[in-house]
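# Working through the structure, step by step
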Amino acid sequence: MYDLAQDNRLPHFAGIGYKPQHFQSLISAPGAVRWLEIHAENYMGDGGRPLAQLRALADRFPISVHGVGLSIGGEGPLDPDHLARLKHLCDWLNPASFSEHLAWSTHGDTYLNDLLPLPYTEATLTRVCAHIDEVQEALSRPMLLENPSTYLAFAESTMDEVTFLSEIAKRTGCGLLLDVNNVFVSATNQTWDPVAYIDAFPLAQVGEIHLGGHDEDEDEHGAPLLIDSHGREVVDPVWALYAHTIARGGAKPTLIEWDNNVPDFPVLEAEAARADAILQPAQV
Amino acid sequence: MQQSDFTAAILDPNAPVPPGLLDPEGRPAGKRFNVYRNNLAASLTDALETGFPVLARLLGADSFKTLSLIFSRAHPPTSRALSQYGAAMPAFLEGFEPLAAYPYLADIARLELAIRRSYHAADADPLNAAGMDPATLMEQTPVLAPATQIVASPYPIHGIWRRNTQPDAPKPQPVAETVMITRPEFDPIPHLLPAGGATFAGALDGRTTIALALERSIEATPGIDLAPLLTLFLTSGALTFQKGPDQ
């Protein structure tokens, strides 16, 4: 089983997704930002500024390496070259945590640069677990698996998402990354109860929480359709769901994700401080 | 549902949504599936705009977006590291009829790809000629640094690049230009390579001396001025030494 104390060295405070334009602010006055997350795929070059900045940041902050392209839910085998690049990065950086997504993004040679959904069946469960075993073995470290934002459902699914993720954690020993915004987005899109989702979630296995902004749209029948855009502030109902999660599961390393229309550092820092205020009473 | 069906439908905006994808009422997913199509198209357009800023400026935002959509459907990425996405753009532009009147665009795309390769290339200690006497310098056998990239064109690609990245840059003249990109620290710098420069660079293989490489340049381009050529290579961080297997 994933051991939070041993397998995850992220502090139980707020962090942000790293953007190069915030480098100087992070070095000089990070404020409430206590750790950073990077997208692994942006640091797979041979040298230059990206790796030099990352090295300098890693001297000051715990770093979480977050993969977005491994395609753990893919029908085909994991790409051995990509896995080798991830291993190279993790060996070089020795990050405080490594995480990836319950999603797929490649088919054959085509990389679709998105986190695509999976049906929740016994067959996909077996495949995802085999891929996670392979990742954890290759990297010689346990990983966290993140719940997705989804926009549609599969007729062939035979179990709900929380059951599916809980079973993965049980079978592979991986931890879970709970994206509370994704819960809110998926729950709205799928007409689930988000609080019931959190209450059923195996919070003891959660090594990290994500918070981000989403966009609001509607489908052709007028039903709400939320889109996980990471392009704005976290909305109040997501903060409320986050507070419920922390009250129930205790303080967890919490990341503010803002990948599009990236604001100036003080805006991100204020979001981190807001998360910290919710974490404060739960610190032990 | 097979992921091949899902993939094909994402890449073709006119394809029907694969069966078995539903909304919460059990109706076909319809517009919900388009979220995935839109995510892919928008992310690839953004990646191309970031990767080809001068090309985007030359074409204008709307035309570049149209080009990006057509290109990304024909050439979706094959690697998860998007830093080199668009490697097929130069050849694509050469065969793209609507832009046939602007044949220099393909070489601008080549230049911008080379700038990106330079940005992500391995770090290297530059050859430091300071304090080296000329005879010793001439006997050195350097190689191009990993970040050094050379792009030759029958069009004034350096002039076009400058005109679109620097205020008050002069109007490009209709001449063939070769660009050498070097990266003294972290920022790639495109230099106009003087005549004979490409021959000089091509001769440096880690066994050939600087003296011999200069000789080859003169043979290939008689009458060239060697001094500015050598100065550019020695002051721009273009050169380094090959590392032995035990270093």
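The structure under discussion appears in the preceding block.
If you're wondering where the values come from, they're calculated on a predicted model, not measured in any experiment.

Think of interface size as the accessible area that goes away when the parts come together; that is how it is often given. Contacts between the two partners involve 50 residues from chain A, matched on the other side by 40 residues from chain B. Summing both sides of the interface, chain A and chain B together bury roughly 3900 Å²; the carbon and sulfur share of this comes to 55%. Here B:Lys31 ties to A:Asp217 by a salt bridge, and the two come within 3.5 Å at their closest N and O atoms. Inspection of the chain A/chain B interface yields 22 residue pairs in polar contact (both at pLDDT 80 or more). Listing elements by their share of the side of chain A that touches chain B, those giving two or more residues are helix H3 (49-58), strand E5 (104-107), strand E6 (110-116), strand E8 (153-154), helix H7 (180-190), strand E11 (215-218) and strand E12 (224-227) of chain A. Sort the elements by how many residues they give to the side of chain A that touches chain B and E6(A) lands first, with seven residues.

Moving on, we get to the packing of aromatic side chains. Under the definition given, this model contains 15 aromatic pairs over all chains. Taken together, a centroid distance of 5.4 Å and an interplanar angle of 75° make the contact between A:Trp104 and B:Phe6 edge-to-face. You can see A:Trp104 sitting in strand E5 and its partner B:Phe6 sitting in helix H1 (residues 3-11), one on each of two chains. With a centroid separation of 5.0 Å and 65° between ring planes, the pair formed by B:Phe6 and B:Phe33 is classed as edge-to-face. Of this pair, B:Phe6 sits in helix H1 while B:Phe33 is found in helix H2 (residues 31-51), placing the two residues 27 residues apart along the sequence. Pair check on accessibility: B:Phe6 and B:Phe33 agree, each one buried. Ring pairing ties together the aromatic residues A:Trp104, A:Tyr151, B:Phe6, B:Phe33 and B:Tyr36, which thus form one cluster. For the cation-ring pair, A:Arg34 lies above A:Phe13, with the distance from its terminal atom to the ring centre recorded as 3.8 Å. Above the ring of A:Trp92, the side-chain terminus of A:Arg55 is found at 4.9 Å from the ring centroid.

For the rest of this paragraph, the subject is the nonpolar core. A:Leu145, A:Ile168, A:Leu178, A:Leu211 and B:Met89 are the most contacted members of the largest nonpolar core, which totals 111 residues. Of all the elements, H2(B) adds the most residues to this core, at seven residues. Discounting residues that sit within four places of it in the chain, A:Leu178 has contacts with A:Asn147, A:Val183, A:Tyr197, A:Ile198, A:Phe201, A:Leu203, A:Val206, A:Glu208, A:Ile209, A:His210 and A:Thr245. Judged by nonpolar contacts, the second largest core, of 19 residues, contains B:Ala129, B:Leu137, B:Ile224 and B:Leu232.

Analysis parameters
Residues numbered from 1 in each chain as written. Chains lettered and ligands numbered in written order. Predicted model: local features only at pLDDT ≥ 70, side-chain atom pairs only at ≥ 80, totals over all residues. Heavy atoms only, no water. Contact = heavy atoms within 4.5 Å. Buried area = accessible area lost by both parts, 1.4 Å probe. Salt bridge = Lys/Arg side-chain N within 4 Å of Asp/Glu carboxyl O. Polar contact = N/O pair within 3.5 Å; in protein donor to acceptor, adjacent residues only side chain to side chain. Helix = DSSP H or I, 4+ residues; strand = E, 2+ residues; numbered from the N terminus. Phe/Tyr/Trp six-rings, centres within 6.5 Å; stacked < 30°, edge-to-face > 60°. Buried < 20%, exposed > 50% of the residue type's maximum accessible area, 1.4 Å probe, protein only. Lys NZ or Arg CZ within 6 Å of the ring centre and 35° of its normal. Core = buried A, V, L, I, M, F, W, Y, C linked by side-chain atoms within 4.5 Å.

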